[in-house]
Structures are given as C-alpha cells and as structure tokens.
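Summary of structural features
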Amino acid sequence: MDLKKIIENTIVPMNFSVEEKTACYDKIIRCVKDILPNKLYRFRTCSERSLSAFYNDELWFSNGSTMNDDFDARLYYDRKRIEKWLKSFLSENGGLTVIEKLVTMEEPPLKILNLVPNAKDVFENLKRMPKEQIVASSNSLIQYLLSNLDVELKNTTEQVQQKTKFACFTQKIYSDMMWGQYSSNATGFALEYEFDGENIITYLVNNTQDRIWANLFPVIYDNKRLDTTEYAAYLFQIKILSAVAQNVGFIYDPAWINAVVPCPDEFMATKLAIKKSTDWKAEKEWRLFYTTSNMMLAREKFSYIIQKPSGVYLGRKISKINQKIIVDIAKEKGIPVYKMDFNENSRNYKLKKCRII
C-alpha cells in the first residue's frame, strides 16, 4: 500500500462530523501502525537544557521555522492562481461581491445572526452606508493585497511554520553520519523511545479536561514539494474576511470566521510537515506532532509532553563528566545505557553499541 498516495489524497474538511473525520484518518492510522518500528531514537547534545529534559522525562517539540531544513512546513503555492483567485472577489464595480450581495438582502443570513452578536446592527449600518464608500473600501483592501502579495504570502508561510510543532526521531542509531550531524560530532547522546505500536497518544493536561494529542508519522521523501495553493488561498480568505469584518464593525471571533469559511483540509499542515526532499532520505525520520485543545499551550513557541525513554546511547566521544551525569540519571530511571563504538570486524560504515549498565 502506497502510504505517500494515501496521505496526500486524504482530505479532512473542518465541517466534517467527528465520525467522518475518524473515517478519514482510519486508513492512514492502520498503514502507519503497520510500519511503525519498535524503537525510535532522538539525538541530543549535552547541553544543560537537554540533560534537564532527560532527567524530567520531557519530550520537547519545536516549530517548523526552527528546523535545519528551510523547506520544513513551508507552503508551496502557484502565485498566479492566488492572484487570479483574489481578483475573483471583485465585482464589475470594483467592490467585494460578498458585501454587495449582503447589502441587497432584506435580512442578514440566519447563520451570521446566530454566530455574530452584533450582526443585526452592522447589517443595518451597511445598508445605510453609501455604495461608493463600500466599493472603495472593498477595492482598497483587495488592491492592497495584490500589491503586497509576495509579502503577504511570505507572512502566511511563516505563520504556518510557526504553528506547526513536532519532535524529530530516526530509525538509525548505528549511523555515524547521524551521530556527527545531530549529536555534536558524537559528543552527545541519543534517547530511545518505545511507543508500544501506537501512533496516536493522548495526554491529559494537569488532570483537566484539556488534552494533548501526539501523532507519529514517517517522513515522506519526494523530489517535488506538496502543492498547497488551495490551502494558502483558504488562509488568505480568512485574512480578507477578518479584515472586512473588522472594517464594517463585526466583533471579530475566530469561531464565526471558521464557521463562515471552514478549513478545507485540517490535515494539510501535517501533510506539509512530513514531506521532505529526497536529499534527506538517508535520515529515515519520523515526526511526532503536537496538537492540543488548550489554546494557551497551542500558542507557545515550544511545548513538551512527559514521555519516559526506554534507553540511552552515548556518543563515542562523549566527555567523562557528561557520561557520568547521564549514567547516573539512567540508573535512577532504571533504563539501560549503551555506548557507541566502531565495529572493527565489519566492512560496513556502521557503528555498534556496547552496553554499560
């Protein structure tokens, strides 16, 4: 079964029911579970932060903008299609078609009345507003976006990268290249994790009703970036609707904005972040994604969950003091410690592990 095709072809609209969304994800979950390794590894340097996280069983997540691959979680879009789509919002008079349609109605749509507390008042004010003023305001907004399209698209891309949080793992503990690149030239360590064959893990937040979901996916390596033009257009639509709503006096609320313009694919940010160039294929990477119902936690730049490692591996060139610190922590946790070394009896470019405790 081609996991790449399944993932890219899976679309999860925001307005789907819970049952419909579950059905969308079910096939992917089964496929991922079939290939999920028993153990995954996370390389660390011997910094104070990494040692403290190890001691406290903290597994930290970073956003896409902090990765060493500048393409991580980065939108790809067809600029001409975005520009054509933006122009489609303008009527022949140069105003926004949605606003012009709204002011011709006797009453505002029931959906808006139910979602927006001050909708009735704003609607009546709009009907009293001179048509020329509405057209000028609408046209000004679209023309501003068209004139600053590159800047706005860049800002949109950066927002997506910053909101997408994940932790990186690999299957390759014996790779000298990985130790050199991600563990400070083999002077650091690596943590081993076992997820018990589950690629979706749920954590309660401080015994409250809030939850954190951690979802494991393998990185998909490809020569072509994922086309996210329609997703970028959706993000722009949210931006336009928010600006227009505030311009005419609607009380801004993401809940009603999302209800009026629901996300066409809630899975897109994850799909985007598990797609990487074949240049990185040798890393055999897996990513654990962080989502939460707690908005304060969601807005944090860095987040963590409590996940105890099942083992620890020391780099060949780790210092004596750092080795002692890590071994002492591992003893306290009751987990095994291995140290990497050359395998002199093999012609392969692979290291071997030697158990210390």
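Everything in this summary refers to the structure shown in the same document. Note that the coordinates shown come from a computational prediction; the quantities given were computed from them, not determined experimentally. (Residues numbered from 1 in each chain as written. Predicted model: local features only at pLDDT ≥ 70, side-chain atom pairs only at ≥ 80, totals over all residues. Heavy atoms only, no water.)

Put simply, the largest pocket is a space of about 2,200 Å³. Contributing to the lining of the largest pocket are 50 residues, with Lys163, Tyr231, Glu266, Ala269 and Thr291 lying nearest its centre. Elements that contribute at least two residues to the lining of the largest pocket include exactly α2 (18–35), α9 (149–163), β6 (211–218), α11 (229–248), α12 (254–260), α13 (268–273), β9 (285–292) and α14 (295–298). Of the residues belonging to the lining of the largest pocket, the class tally is 24 nonpolar, 16 polar and 10 charged. Grouping the amino acids of the lining of the second largest pocket by side-chain chemistry returns 18 nonpolar, eight polar and nine charged. (1 Å grid on protein atoms, 1.4 Å probe; cavity = no way out; pocket = protein on both sides within 12 Å on 5 of 7 lines; lining within 4 Å. Points joined across faces, edges and corners; volume = space filled by probe spheres on them. Helix = DSSP H or I, 4+ residues; strand = E, 2+ residues; numbered from the N terminus. Nonpolar A, V, L, I, M, F, W, Y, C, P; charged D, E, K, R; others polar.)

Here the idea is plain: a probe the size of a water molecule rolls over the atoms and shows the empty space left. One pass over the structure, following the stated rule, counts one cavity of 30 Å³ or more. Space inside the largest cavity adds up to approximately 40 Å³. Classifying every residue of the lining of the largest cavity gives four nonpolar, no polar and three charged.

Once that is clear, we can look at the pattern of salt bridges. Under the criterion given, the structure shown has 19 salt bridges. The partner of Glu285 in a salt bridge is Arg287, with the nearest N and O atoms 2.7 Å apart. For Glu285, a relative accessible area of 7% translates into the label buried. Members of the salt-bridge network, linked through shared partners, are Asp69, Asp72, Lys276, Glu285 and Arg287. (Salt bridge = Lys/Arg side-chain N within 4 Å of Asp/Glu carboxyl O. Buried < 20%, exposed > 50% of the residue type's maximum accessible area, 1.4 Å probe, protein only.)

All we've got here are geometric facts, nothing functional implied.
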